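Secondary and tertiary structure notes
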Amino acid sequence: MTNTPLGILLKEVQECRHCEAHLPLGPRPVVQAESSARLLIIGQAPGTRVHETGIPWNDPSGDRLRDWLQMGKARFYDPAQVAIMPMGFCYPGRGSSGDLPPRPECAPKWHAAIKSHLPNVELTLLIGDYAQRYYLEGKPKTLTETVKANANWSPDFIALPHPSPRNNLWLRKNPWFDAEILPMLRKRIDQLFL
C-alpha cells in the first residue's frame, strides 16, 4: 500500500501532464477506482469519444464490453464495484490503422500505485494485447492463443480481445470465443457480484 490515499493519488493522475507533448488532443486522464472494487478492467487507452466525455468505455466498444459482461451501466460505472484503469490514461492520437498504441509511460508510472489501493479485486480483465503483454508472464505470441489459454491465467485474470467494432472479423473467425469464453466470463462476473 502506498502512503498516498487513493483519492489524492487519483487526483494526481487526473492532473498528470507527463507526456503532454505527445498527445494531440492534450491530456485528459481517464480512470475510476475505489478501494472496495472487486473487478478491475485494464484496457488499452481512451478513444476520442471517451476523451471528449471523460467517461471510460463510453463508446461502441464499451457497449459491447458491457454486453459481454451482462452488466448494466449502473454497476459498470460504480467505482466502488468496478475499477477501470487503461494502459494509457489519455487518448494517444490516430495512426494509419486506428488509434496509436497507449503511451508507454502510464502503466509503469501509475498502475502499481493504484493497484496497491485495490485490495478487494478478485478478478482483472486484460483487454487487448497491450494489457496482456504487460501483465501475463509467459503470454503466447498472439492474442488468439492468449485468449484460448485463459485457464492458464485463472483465477486472477481473464484475457479478452478488444471489443472494438474493428475486431468484428476476429470475432467471426473465432466462434469459440462466444461459445466458450463468454459463458466462463459471465459466470465469474456473476460469482463476483452475488
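Anyway, here's the lowdown on the structure attached to this text.

Analysis parameters
- Residues numbered from 1 in each chain as written.
- Predicted model: local features only at pLDDT ≥ 70, side-chain atom pairs only at ≥ 80, totals over all residues.
- Heavy atoms only, no water.
- Pairing = 2+ DSSP bridges.
- Helix = DSSP H or I, 4+ residues; strand = E, 2+ residues; numbered from the N terminus.
- Axes fitted to C-alpha atoms, helices over the stretch in contact; angles between N-to-C directions.
- Core = buried A, V, L, I, M, F, W, Y, C linked by side-chain atoms within 4.5 Å.
- Buried < 20%, exposed > 50% of the residue type's maximum accessible area, 1.4 Å probe, protein only.
- Contact = heavy atoms within 4.5 Å.
- Lys, Arg positive; Asp, Glu negative; His and termini not counted.
- Salt bridge = Lys/Arg side-chain N within 4 Å of Asp/Glu carboxyl O.
- Phe/Tyr/Trp six-rings, centres within 6.5 Å; stacked < 30°, edge-to-face > 60°.
- Lys NZ or Arg CZ within 6 Å of the ring centre and 35° of its normal.

If you walk across this open sheet you meet the four strands as S2-S1-S5-S6, and the pairing is parallel. Single-partner strands in this sheet number two, and they are strand S2 (82–84) and strand S6 (157–160). Going across the sheet, the axis of each strand differs from the next one's by a mean of 20 degrees, ignoring polarity. Judged from the four bridges that link them, strand S5 (residues 123–127) and S6 form a sheet pairing that is parallel. Bridging across to S6, Thr124 finds its partner in Phe157.

For soluble globular proteins, the rule of thumb is that nonpolar side chains tend to be buried together. Ranked by size, the top nonpolar core spans 28 residues in total, and within it Ile42, Met85, Phe89 and Ile114 carry the most contacts. Among the secondary structure elements, those contributing two or more residues to this core are helix H1 (6–14), strand S1 (39–42), helix H5 (106–115), helix H6 (129–135) and S6. The biggest single contributor to this core is H5, with five residues. Look past the residues within four positions of Phe89 in its chain and what remains in contact with it is Val13, Arg28, Pro29, Val30, Val31, Pro46, Cys106, Trp110, His111 and Ile114.

Looking now at the side chain of Arg188. If you trace the backbone, Arg188 turns up in helix H9 (residues 176–192). For the buried Arg188, which has no salt bridge, the nearest side chain bearing the opposite charge is Glu122, at an N-O separation of 6.2 Å. Every residue in contact with Arg188, bar those within four places of it in the chain, is listed here: Glu122, Leu123, Ser154, Pro155 and Ile158.

Further remarks concern the environment of Lys109. Examined against the element boundaries, Lys109 turns out to sit in helix H5. It is 9.5 Å that separates the C-alpha atoms of Lys109 and His18, two residues lying 91 residues apart in sequence.

Turning our attention to H5. Buried within H5 are the following residues: Cys106, Ala107, Trp110, His111, Ala113 and Ile114. The elements touched by buried residues of H5 are H1, S1 and H6.

If you walk through the whole model with that rule in mind, you get six aromatic pairs. For the ring pair Tyr134 and Tyr135, a centre distance of 5.0 Å and an interplane angle of 70 degrees mean the geometry is edge-to-face. Pairing Tyr135 with Phe157 gives two aromatic rings, centres 6.3 Å apart and planes at 40 degrees, and the pair type is tilted. Here the residue Tyr135 occupies a position in helix H6, and Phe157 occupies one in strand S6, the gap between them amounting to 22 residues. Here the two residues Tyr135 and Phe157 agree in accessibility, since each one is buried. Directly above the ring of Phe76 sits Arg66, whose terminal nitrogen or CZ lies 5.1 Å from the centroid. Here Lys109 stacks its cationic end above the ring of Trp110, 5.1 Å away from the centre of that ring.

For the rest of this paragraph, the subject is the pattern of salt bridges. Should the charged atoms of two oppositely charged side chains come close, the side chains can pair. Per the counting criterion, the structure on display carries seven salt bridges. Between Glu15 and Lys11 there is a salt bridge; the shortest N-O distance is 2.3 Å. The exposure class assigned to Lys11 is partly exposed, which follows from its relative accessible area of 49%. Asp63 is the salt-bridge partner of Arg66, the closest N and O atoms lying 2.8 Å from each other. In this pair, Arg66 and Asp63 are both assigned in helix H3 (residues 60–69), three residues apart and thus about one turn of the helix distant. The exposure class of Arg66 is buried, given its relative accessible area of 6%. Ionic contacts of the salt-bridge type, sharing partners, join the residues Asp129, Arg133 and Lys139 into one network.

Just distances and angles here, no functional claims.
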